[in-house]
Amino acid sequence: LTASSDKSARVWKADSGQRRHTFKGHGGRLVKAVFSPDGIAVITASRDTTAKLWSLESGERLHTLAGHKGSLCSADFSPDGTLALTTSE
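Because the structure is a prediction, the values reported are computed rather than measured.

This brings us to the pairing of strand 6 (residues 51-55). Summarising burial for strand 6: five of the five residues are buried, a large majority. Where burial is concerned, the two faces of strand 6 agree: the one with A51, L53 and S55 and the one with K52 and W54 are both buried. Relative to strand 6, strand 5 (residues 41-46) runs antiparallel, the two sharing five bridges. Residue pairing in the sheet places A45 in a bridge with A51 of strand 6. Between the antiparallel neighbours strand 5 and strand 6 lie four residues, among them T49 with a positive phi of about 80°. Taken together, the four bridges between strand 6 and strand 7 (residues 61-65) define a ladder with antiparallel strand orientation. Its bridge partner lying in strand 7, K52 is registered against T64. Where strand 6 hands over to strand 7, the hairpin turn is made up of five residues, of which G59 adopts a positive phi near 85°.

Shown next as structure tokens:
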């Protein structure tokens, strides 16, 4: 899983190096991308002040988490995967 300054995140197959998904939709560079504990979702954090949740199965955006006034610095899941945490500048 990679987060990029081109405003996207990519999931790669570890055994072949082939790209599985490209997550696009942020308006700023990504600063973090993390797998959920159960492996069914990804959260991305961006300088555009939002975090987004993505389905690892379909590659579709599930939710946009907004509310910060500053650029995001990080995002992560709680250990049980039921909560998402975001931090901003």
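Within the secondary structure, R10 is located in strand 2 (residues 8-12). A distance of 3.0 Å separates the side chain of R10 from the side chain of S8, its partner in a polar contact. Non-local contacts of R10, meaning those with residues more than four positions away in its chain, are made with L1, T2, R19, H21 and T22.

Parameters at a glance
- Residues numbered from 1 in each chain as written.
- Predicted model: local features only at pLDDT ≥ 70, side-chain atom pairs only at ≥ 80, totals over all residues.
- Heavy atoms only, no water.
- Buried < 20%, exposed > 50% of the residue type's maximum accessible area, 1.4 Å probe, protein only.
- Helix = DSSP H or I, 4+ residues; strand = E, 2+ residues; numbered from the N terminus.
- Pairing = 2+ DSSP bridges.
- Polar contact = N/O pair within 3.5 Å; in protein donor to acceptor, adjacent residues only side chain to side chain.
- Contact = heavy atoms within 4.5 Å.

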